[in-house]
Amino acid sequence: DGGITQSPKYLFRKEGQNVTLSCEQNLNHDAMYWYRQDPGQGLRLIYYSQIVNDFQKGDIAEGYSVSREKKESFPLTVTSAQKNPTAFYLCASSSPPGRQQNYGYTFGSGTRLTVV
Amino acid sequence: GDSVTQMEGPVTLSEEAFLTINCTYTATGYPSLFWYVQYPGEGLQLLLKATKADDKGSNKGFEATYRKETTSFHLEKGSVQVSDSAVYFCALTWAGSYQLTFGKGTKLSVIP
């Protein structure tokens with residue numbers, strides 16, 4: 001079955017270390033996204049990518065970096081510059097939005113990152 | 001800019017009660033509207049959607065009608081089950097846009 005795989009589901013890191021979260025999709029979607037979810041704050045967009053080798057900053061990109069070398073993969077690196085990295089991270093993908101309608105996103109099951 | 005406002009939670013209901021979760025939006029024109037559901041520890045799943053005024057989206061007993069006159073997309077279910085306990089997100093986007101704007105989510109707990 002097609003879908004999005006995020007790994008690992010739980011991740012623990014020491015403060016000051018960079019960490020990379022994996023996101024892979026086999027839906028043949030062109031666009032991919034990273035969101036951060038904190039209690040009571042909903043979802044906030046970190047980065048998104050419309051096509052391979054291209055990506056744009058979202059609302060809270062500071063302290064994060066991404067790459068899009070393959071259509072199927074969109075890894076997110078949480079750097080030591082991110083002041084409060086403990087959160088639940090969600091990856092999503094979508095087909096290009098049509099001129100008549102938008103089909104919405106497919107989400108992965110998330111990675112919970114805890115920095116100690 | 002665009003925004004989505006959902007009723008504050010948490011909402012606690014007894015099994016078989018009627019559910020309404022309010023969602024209103026601020027946007028010009030006719031966005032597409034979505035409801036997503038997030039079960040504990042999981043990602044979001046698309047529950048239903050509507051792409052034009054007066055459309056009704058429905059799935060798994062849930063319904064929502066796109067009301068342009070009140071800029072609303074309220075989620076309803078006639079008889080909730082314990083398995084419906086989750087966080088529900090209302091969202092909007094535009095044809096041709098890559099970005100979804102989400103509400104903050106409403107947590108629903110259904111007790112036996």
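Refer to the structure presented above.
## Digging into the overall build of chain A
And step 1. Across its full length, chain A carries zero helices and 11 strands.
And step 2. For 116 residues, the compact-globule estimate of 2.2 N^0.38 gives 13 Å, and chain A sits close to it at 14 Å.
And step 3. Taken over 116 residues, chain A has a buried fraction of 47%.
And step 4. For chain A, long-range pairs separated by at least 24 residues make up 53% of all intrachain contacts whose partners lie at least 6 apart in sequence.
And step 5. Carbon and sulfur atoms make up 44% of the accessible area of chain A, which amounts to about 5,900 Å² in all.

## Some points on the interface of chain A and chain B
And step 1. Taken residue by residue, the interface counts 26 residues in chain A and 22 residues in chain B.
And step 2. Both sides of the chain A and chain B interface together cover about 1,900 Å² of buried area, and 57% of this is carbon and sulfur.
And step 3. Summed over the shared surface of chain A and chain B, the number is one salt bridge.
And step 4. For Lys9 of chain A, the salt bridge goes to Glu42 of chain B, with nearest N and O atoms at 3.9 Å.
And step 5. Between the two partners, chain A and chain B, sit five residue pairs in polar contact (both at pLDDT 80 or more).
And step 6. Contributions of two or more residues to the side of chain A that touches chain B are made by strand 4 (31–37), strand 5 (43–49) and strand 9 (87–94) of chain A.
And step 7. In terms of residue count, strand 4 of chain A provides more of the side of chain A that touches chain B than any other element does, four residues in total.
And step 8. Partitioning the side of chain A that touches chain B into residue classes produces 13 nonpolar, 11 polar and two charged.

## Describing the state of the cysteines
And step 1. The full count for this structure, using the stated rule, is two disulfides over all chains.
And step 2. The disulfide partner of Cys23 of chain A is Cys91 of chain A, and the gap between their sulfur atoms is 1.9 Å. Sign of the S-S torsion, about -75° for the bond between Cys23 of chain A and Cys91 of chain A, identifies this disulfide as left-handed. A residue pair is termed long-range when its members are at least 10 positions apart, and Cys23 of chain A in strand 3 (residues 19–25) and Cys91 of chain A in strand 9 qualify at 68 residues. Of the two residues, Cys23 of chain A and Cys91 of chain A, both sit in the buried class.
And step 3. Residue pairing for Cys23 of chain B: its cysteine sulfur links by disulfide to Cys90 of chain B, the two sulfurs lying 2.0 Å apart.

## Considerations on the packing of aromatic side chains
Each aromatic ring pair is characterised by the separation of its centres together with the angle its planes make.
And step 1. Counted according to the given criterion, the structure contains 15 aromatic pairs over all chains.
And step 2. Ring plane angle 80° and centroid distance 5.6 Å describe the contact between Phe107 of chain A and Tyr36 of chain B, whose orientation is recorded as edge-to-face. Residue Phe107 of chain A is found in strand 10 (residues 106–107), and its partner Tyr36 of chain B is found in strand 5 (residues 32–38); the two belong to separate chains.
And step 3. Owing to a relative accessible area of 0%, Tyr36 of chain B belongs among the buried residues under this scheme.
And step 4. When the ring of Tyr25 of chain B is compared with that of Tyr66 of chain B, the centres are 6.2 Å apart and the planes differ by 85°; the resulting orientation is edge-to-face. With a gap of 41 residues between them, Tyr25 of chain B in strand 4 (residues 23–26) and Tyr66 of chain B in the loop between strand 8 (62–65) and strand 9 (75–77) connect regions that are remote in the sequence.
And step 5. What makes Tyr66 of chain B buried here is its relative accessible area of 0%.
And step 6. Taken together through their ring pairs, the aromatic side chains of Tyr33, Tyr35, Tyr48, Tyr105 and Phe107 of chain A together with Phe34, Tyr36, Phe89 and Phe102 of chain B make up a single cluster.
And step 7. The ring of Phe74 of chain A has Arg68 of chain A sitting right over it, with the charged end atom 6.0 Å from the ring centre.
And step 8. Over the aromatic face of Tyr30 of chain B sits the side chain of Lys68 of chain B, whose NZ or CZ is 4.6 Å from the ring centroid.

The rules behind these values
- Residue numbers run consecutively from 1 along every chain, following the written order of its sequence.
- Following the order in which they are written, the chains are lettered starting with A and the ligands numbered starting with 1.
- Only residues with pLDDT of 70 or above have their local features reported here, since the model is predicted, and side-chain atom pairs are shown and tallied only from 80 upward, although totals for entire chains, interfaces and linings are computed over all residues.
- Based on all heavy atoms of the structure, the side-chain values leave hydrogens and waters out of the count.
- Going along the chain from the N terminus, every DSSP run of H or I of four or more residues is numbered as a helix, and every run of E of two or more is numbered as a strand.
- The globule rule is 2.2 Å times the number of residues to the power 0.38, and the radius of gyration it is compared with is taken over C-alpha atoms.
- The buried label goes to any residue with under 20% of its type's maximum accessible area, the exposed label to any with over 50%, and the partly exposed label to all in between, with areas taken from a 1.4 Å probe on protein chains only.
- Working rule for contacts: check all heavy atoms of both residues, and any pair within 4.5 Å makes them a contact.
- Only the protein chains shown count as cover for residues, and the accessible areas themselves come from Shrake-Rupley with a 1.4 Å probe.
- For any pair of parts, buried area is found by adding up, for both, the accessible area (1.4 Å probe) each one loses once the two are put together.
- We define a salt bridge as a side-chain nitrogen of Lys or Arg found within 4 Å of a carboxyl oxygen belonging to Asp or Glu.
- N or O atoms within 3.5 Å of each other form a polar contact, as long as, within protein, one can give a hydrogen and the other can take it, and as long as residues adjacent in sequence are counted only when both atoms are side-chain atoms.
- Asp, Glu, Lys and Arg are counted as charged, while Ala, Val, Leu, Ile, Met, Phe, Trp, Tyr, Cys and Pro are counted as nonpolar; the rest, among them Gly, fall into the polar class.
- For this text, the term disulfide refers to a pair of cysteine sulfurs within 2.5 Å.
- The pairing test for Phe, Tyr and Trp rings, Trp by its six-membered ring, is centres within 6.5 Å, and the orientation test on the planes gives stacked under 30 degrees, edge-to-face over 60, and tilted for anything in between.
- In our convention, an over-ring charge means Lys NZ or Arg CZ found within 6 Å of a ring centre and within 35 degrees of that ring's normal.

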